[in-house]
Amino acid sequence: MRDGFDSADHQAGVRPHLLIEGMAGYTSSGVIGRPSAATVQKGEAVLASLVASFGEHLDRLDAA
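What you see is a predicted model, and the numbers here were worked out from it, not measured in a lab.

With that out of the way, let us pick up the pattern of salt bridges. By the definition in use, this model includes one salt bridge. Here Arg60 ties to Glu56 by a salt bridge, and the two come within 2.6 Å at their closest N and O atoms. In this pair, Arg60 and Glu56 are both assigned in helix H2 (residues 40–63), four residues apart and thus about one turn of the helix distant. By the burial criterion, Arg60 is exposed, and Glu56 matches it.

Here is the structure:
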């Protein structure tokens, strides 16, 4: 994990214009959420879930 993740939490509240304004409209650090709650195990689980969900698409891209 990147240094400083444990102290980079930033709660931006409701973000109705996130797609229009981007992250800069809500945070100067580029962080929204709680990176302090991250663990290696959670990251591995998220990645495994994404691979399982998009596995067929990834296989097709790899075959192209």
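Structure shown, so let's carry the discussion forward.
Take a nonpolar patch on the surface next. On the surface, a nonpolar cluster with roughly 670 Å² of combined accessible area is contributed by Val46, Leu47, Leu50, Val51, Phe54, Leu58 and Leu61. The topology assignment puts Leu58 in helix H2. Of the residues examined, Leu58 reaches a relative accessible area of 42% and is grouped as partly exposed.

Each value, and the rule that gives it
- Residues numbered from 1 in each chain as written.
- Predicted model: local features only at pLDDT ≥ 70, side-chain atom pairs only at ≥ 80, totals over all residues.
- Heavy atoms only, no water.
- Salt bridge = Lys/Arg side-chain N within 4 Å of Asp/Glu carboxyl O.
- Helix = DSSP H or I, 4+ residues; strand = E, 2+ residues; numbered from the N terminus.
- Buried < 20%, exposed > 50% of the residue type's maximum accessible area, 1.4 Å probe, protein only.
- Patch = residues over 30% accessible without salt bridge, like charges linked within 9 Å, V, L, I, M, F, W, Y side chains within 5 Å.
- Areas by Shrake-Rupley, 256 points an atom, 1.4 Å probe, with all protein chains shown as cover.

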